[in-house]
Structures are given as structure tokens and as C-alpha cells.
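So you can see what is in the structure, the chains are spelled out below.
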Amino acid sequence: MKPYAEMTKEELLSLRQDLKAQYREFQAKDLKLDMSRGKPCVEQLDLSMGMMDVLSSTSDLTCEDGTDCRNYGVLTGIDETKVLLADMMEVNPSTIIIYGNSSLNVMYDTVSRAMTHGIMGCTPWCKLDKVKFLCPVPGYDRHFAITEYFGIEMINVPMSEEGPDMDMVEELVASDDSIKGIWCVPKYSNPQGYSYSDETVRRFARLKPAASDFRIFWDNAYGVHHLYDHDQDHLIEILAECKRAGNPDLVYKFASTSKISFPGSGIAAIATSHNNLEDIKAQLKNQTIGHDKVNQLRHARFFKDIHGMVEHMRKHADIIRPKFEAVEEILDRELEGLEIGRWTKPRGGYFISFDSLDGCAKDIVARCKKAGVVMTSAGATYPYGKDPHDSNIRIAPTYPTLGDLITAAELFTLCVKLSSVEKLLKTMA
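Worth saying up front: this structure is predicted, and the values here are computed from it rather than measured. (Residues numbered from 1 in each chain as written. Predicted model: local features only at pLDDT ≥ 70, side-chain atom pairs only at ≥ 80, totals over all residues. Heavy atoms only, no water.)

(A) Layout of the nonpolar core. By size, the foremost hydrophobic cluster in this structure holds 48 residues, and its most contacted members are Met 88, Ile 96, Val 169, Phe 204, Phe 214, Ile 216 and Trp 218. Looking at this core element by element, the count peaks at five residues for helix H3 (residues 79-89). Met 88 has contacts with Val 224, Ala 255, Ser 256, Ile 260, Ile 306 and Met 309, leaving out every residue within four places of it along the chain. Counting 46 residues, the second largest nonpolar core, distinct from the first, contains Val 327, Ala 371, Leu 414 and Leu 425. (Core = buried A, V, L, I, M, F, W, Y, C linked by side-chain atoms within 4.5 Å. Buried < 20%, exposed > 50% of the residue type's maximum accessible area, 1.4 Å probe, protein only. Helix = DSSP H or I, 4+ residues; strand = E, 2+ residues; numbered from the N terminus. Contact = heavy atoms within 4.5 Å.)

Next up, the structure:
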């Protein structure tokens with residue numbers, strides 16, 4: 001079929017009639033499918049059930065250094081778990097603090113600490129007239145929710161396959177000392193699945209911020225979340241690059257096992273410079289005597305080492321790869337050549353990003369919902385939920401069964417077609 005924009009009004013009206021008939025057929029199926037969040041499916045969660053068996057009432061819960069994990073203490077995490085997560089994050093174990101189950105919680109705490117007490121002796125952000133954050137878009141809605149909650153002004157920075165627009169980042173950071181941070185998902189980004197290029201990482205490490213308390217919030221959420229064995233993205237390690245560039249304190253690097261073990265019962269960590277670690281520990285010791293060491297030990301004994309984790313993630317990939325490929329095949333088959341949308345084909349992560357014609361995203365999501373498929377809200381991938389083009393939609397293929405996913409993807413492409421035809425007809429009125 002030729003591009004929709006090249007069709008006559010009569011052709012579009014005829015097409016709309018046919019599409020509406022197909023849409024009514026979907027409505028008659030009484031679907032109840034959810035593609036709104038990037039959650040692991042049941043089969044993925046089952047992969048980690050052995051973790052429930054590595055510790056029991058007869059287990060020795062003593063760490064390698066003699067610490068009894070049942071008791072108080074060890075503020076920054078047990079050594080064997082530090083080694084495991086350090087290998088996962090490609091850093092030295094001495095640069096890590098192990099937290100609880102959620103890296104989002106660590107990021108929230110990090111912003112909150114900067115607000116109330118400042119960073120390394122700088123003025124607390126709450127005492128400043130204005131605090132701003134750079135936000136690569138489209139991006140992760142929960143990042144934006146944190147900065148919005150604290151009243152921090154968010155500035156959109158366009159994303160490309162290379163990463164954020166670094167010309168814009170460099171200029172803004174160097175010229176405005178009220179800009180205190182930038183959110184980054186550098187590998188298999190949420191939602192596009194892009195990984196930052198070597199040049200982008202090096203330019204980040206060499207930023208010259210006007211604010212001495214500017215920090216890069218480097219959320220490496222998908223560091224080991226490849227879909228393929230031999231076609232994987234690789235990232236320059238940002239902390240080492242910052243040290244080489246003479247900017248050792250520039251980055252907070254976050255990660256967790258949330259989509260590796262159990263999302264609700266994983267372990268999270270921050271890796272950063274010695275100076276930043278000391279600053280964080282000064283606050284952390286007033287917040288806790290130590291996080292869940294039993295869970296840390298459980299993870300260390302289940303995975304054993306990074307090789308065990310990599311093999312575990314291959315099993316995850318075997319489960320979700322067919323789902324990504326099914327969605328991509330349907331998008332290609334149904335929409336290729338119509339010039340009514342663009343979509344990414346990531347090699348890892350949890351999402352596919354779809355860009356519709358301007359002004360259609362909300363309508364597409366609403367039509368899907370009306371026919372029984374819940375998508376991520378249109379606009380969620382932008383600060384304040386405001387997509388200036390109303391075009392970006394995040395597709396989350398992991399949670400539904402393959403059969404349900406195929407049905408949902410077919411409905412989605414139908415809604416894209418229907419919304420596009422309506423949009424084009426309005427321009428002809």
C-alpha cells in the first residue's frame with residue numbers, strides 16, 4: 001500500500017471505513033491486556049525461584065569476613081555482594097554502596113539529600129532560588145517524577161541514536177549554575193533502546209559544569225539486559241572515564257537486580273568516587289545501620305559470580321527475545337512504507353519506542369484502551385507528561401504472553417492506522 005499522505009480523500013474515506021470495521025471486531029473480543037509497564041513475566045520470575053532455596057534455617061549465614069548477616073551492621077553492604085554488583089556495573093568494589101531493593105529509591109534519596117543538605121559542602125538545593133535538571137527525551141517517567149516532586153525545573157534534551165544532544169548539554173551545563181544534574185539511561189535506554197556512543201560518554205566525562213555540585217545521574221538499569229548473544233551494545237565505563245578526564249566526582253552510577261532476580265526483592269547499588277561516597281555515608285549512617293544483608297547473601301550465593309549472572313540473563317533473553325521480534329515483525333508487516341510511524345529495534349532493554357504522526361499518540365493509546373489494551377500513557381516519556389509533538393508511545397513487550405502480545409500489537413497497528421487516517425482527513429477538511 002502506498003503512503004497514506006499520498007492518498008486521495010476518497011481513498012482515505014474508504015480506508016477509514018474498512019479500518020473501523022476491523023476495530024469493531026477487536027472490540028467484540030472483550031480483550032483485557034496490559035502493556036503499560038516494563039515488568040518481567042511469570043516465566044522470567046520463575047528463573048529466580050532457586051534463590052528461595054539457597055538459604056534455610058540450617059544455613060550458615062556468616063559472610064566470608066565473619067559477619068553474621070542476621071545481625072546489625074555493615075553499612076555499605078557485604079563484600080561478596082559488592083564484588084558481584086561491582087562486576088555487573090564494571091567498577092571496583094571499593095566504589096560501591098549496597099542499598100535495599102530499589103535503585104529508584106536510591107536515586108530519590110540522592111536527590112533528597114542534595115535538597116536538604118547539599119552535595120559535598122555546597123548550598124542545599126532547597127535554599128537556592130532555582131534548581132534545574134536536564135532530561136533526555138523521550139525518557140523514563142519515574143526519573144521525571146522524582147525531580148517534579150521536589151519542584152526541580154526540567155529541561156528537555158533531544159535524544160538520538162548516539163545519546164543526548166551533547167552540544168546542547170555542554171552549552172547549558174557550562175553556562176547555567178542552577179543546572180544541577182542530568183538523568184541518563186545510557187545503555188538500552190528507556191524507551192528507545194539506544195546506547196550512548198563512545199564519543200557521547202567521553203563528552204559527558206569532560207563536561208565543565210558551572211555548578212560544582214552538578215552530577216550526572218547515570219542509571220545503568222539495563223547493563224546486562226541483552227536480547228542477543230552476539231549482537232550486543234557495549235558502553236565505555238563512565239567512572240573510569242571521568243577519572244581519566246580529571247572529573248572523578250562528576251557521576252552517580254546506579255544499578256539494581258530488579259529485572260534480574262525479583263523486582264520487589266532485589267538489591268540496588270550506587271557506585272561513585274571516594275569523595276562522593278564519604279559524603280553519602282555521612283548521611284546514610286543516620287538513616288540506617290545497614291540494609292538487608294540476608295538478601296545480599298542470598299543473591300551472592302545464588303549467582304555465585306558475574307558468570308552465573310550472565311548465564312542467568314541468557315535465559316531471560318530466550319524468554320523475551322521472541323516477544324520483541326514478534327512486535328517488530330507486526331510493526332514491519334502492518335506499517336512499513338505507510339509513512340505514519342517510526343519505531344526502534346533495540347538489541348536489549350525492556351522497551352520499543354514508537355513515534356506516530358504528530359498529534360496522534362494520545363488518540364492511539366485511547367483507542368487501544370477502548371478495545372481492551374492498556375498502554376503506557378501518551379506523554380509519560382516526557383517531563384510533566386507533556387510530549388510537545390504528542391507522538392511518542394512506549395511499547396512494553398515483556399509481561400504479556402506471546403499470544404496476548406501478538407493480539408495487542410495487531411490492535412496497536414490498527415489504531416495507528418485509524419488515528420493517522422483521521423488526522424490526514426482533518427487536514428483536508
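(B) View of the domain arrangement of the protein. Each assigned domain of the protein is listed with its residue range as follows: domain 1 (2-42 + 308-426) and domain 2 (63-303). Here the C-alpha centre of domain 2 lies 31 Å away from the C-alpha centre of domain 1. Summed over both partners, the interface of domain 1 with domain 2 buries about 3,000 Å², with 61% contributed by carbon and sulfur atoms. Of all residues in domain 1, Met 309, Arg 347 and Tyr 384 give up the largest surface area on contact with domain 2, accounting jointly for 25% of the area buried on that side. Along the contact surface separating domain 1 from domain 2 lie five salt bridges. Our enumeration of links across domain 1 and domain 2 arrives at 15 residue pairs in polar contact (both at pLDDT 80 or more). Among the secondary structure elements, those contributing two or more residues to the side of domain 1 that touches domain 2 are helix H11 (306-335), strand S11 (352-356) and strand S13 (392-395). Sort the elements by how many residues they give to the side of domain 1 that touches domain 2 and H11 lands first, with eleven residues. Looking at the side of domain 1 that touches domain 2 residue by residue, the class counts come to 14 nonpolar, ten polar and six charged. (Domains from an automatic or database assignment. Buried area = accessible area lost by both parts, 1.4 Å probe. Salt bridge = Lys/Arg side-chain N within 4 Å of Asp/Glu carboxyl O. Polar contact = N/O pair within 3.5 Å; in protein donor to acceptor, adjacent residues only side chain to side chain. Nonpolar A, V, L, I, M, F, W, Y, C, P; charged D, E, K, R; others polar.)

(C) Up close: unusual backbone geometry. Backbone torsion omega between Val 137 and Pro 138 reads -5°, so that peptide bond is classified as cis. As for its position among the elements, Pro 138 is in the loop between strand S3 (132-137) and helix H5 (141-149). The omega torsion across Asn 190 and Pro 191 is 10°, close enough to zero to call that bond cis. We note that Val 74 has phi near 60°; this positive angle belongs to a residue other than glycine. Examined against the element boundaries, Val 74 turns out to sit in the loop between helix H2 (42-46) and H3. By relative accessible area, Val 74 is classed as partly exposed at 29%. Of note, Met 120 is a non-glycine position whose phi angle comes to about 50°, a positive value. By the secondary structure assignment, Met 120 is in the loop between helix H4 (103-117) and S3.

(D) Local environment of the sheet that holds strand S5 (residues 163-164). Strand order in the open sheet formed by eight strands is S2-S9-S8-S7-S6-S3-S4-S5, and the pairing between neighbours is mixed. Looking at which strands have only one partner, the edges of the open sheet turn out to be strand S2 (96-98) and S5. Relative to strand S4 (residues 153-160), S3 is paired through six bridges, and the arrangement is parallel. Of the residues in S4, the one forming a bridge with Lys 132 is Glu 153. Contacts between helix H6 (residues 166-175) and the sheet are confined to S3, S4, S5 and strand S6 (179-184), with S4 contributing the most and set at about 150° to the helix. Lying on the sheet, helix H9 (residues 274-287) is in contact with S2, strand S7 (215-219), strand S8 (251-256) and strand S9 (268-271); it crosses S2 at an angle near 25°. (Pairing = 2+ DSSP bridges. Axes fitted to C-alpha atoms, helices over the stretch in contact; angles between N-to-C directions.)

(E) Highlighting the sheet that holds S11. Across the sheet, three strands lie side by side as S10-S11-S13; this open sheet has antiparallel pairing. Strands at the two margins of the open sheet, each flanked by one partner only, are strand S10 (341-343) and S13. Sheet twist, expressed as the average angle between the axes of neighbouring strands with direction ignored, equals 20°. Relative to S13, S11 runs antiparallel, the two being bridged by four bridges. In the sheet register, Ile 352 faces S13, and the bridge partner there is Ile 395. Across the sheet, helix H12 (residues 361-370) touches S11 and S13, and the angle it forms with S13 is around 40°.

(F) Representation of the environment of Leu 297 in the model. One can find Leu 297 in helix H10 (residues 293-303). In this structure Leu 297 comes out as buried when scored by relative accessible area, which is 1%. If near-sequence neighbours (up to four positions away) are discounted, Leu 297 is found in contact with Leu 55, Asp 60, Leu 61, Cys 69, Ile 78, Glu 80 and Thr 81.

(G) The packing of aromatic side chains, seen in detail. Across all of its chains, the model carries 17 aromatic pairs by this definition. The interplanar angle of 45° and the centroid separation of 5.4 Å between the aromatic rings of Phe 133 and Trp 183 together place this pair among those described as tilted. Of the two residues, Phe 133 is situated in strand S3 and Trp 183 in strand S6; the sequence distance between them amounts to 50 residues. A relative accessible area of 0% means that Phe 133 is categorised as buried. The exposure class assigned to Trp 183 is buried, which follows from its relative accessible area of 2%. With a centroid separation of 5.3 Å and 90° between ring planes, the pair formed by Tyr 149 and Phe 150 is classed as edge-to-face. Residue classification places Tyr 149 among the exposed residues on the basis of a relative accessible area of 61%. Among the aromatic residues, ring-to-ring pairing joins Trp 125, Phe 133, Trp 183, Phe 217, Tyr 252 and Phe 254 into one connected group. (Phe/Tyr/Trp six-rings, centres within 6.5 Å; stacked < 30°, edge-to-face > 60°.)

(H) Main features of the pairing of S9. Taking every second residue as pointing to the same face, both faces of S9 are buried, with Ala 268 and Ile 270 on one and Ala 269 and Ala 271 on the other. Bridge count for S2 against S9 is three bridges, and the pairing is antiparallel. By the bridge assignment, Ile 97 is partnered in S9 with Ile 270.

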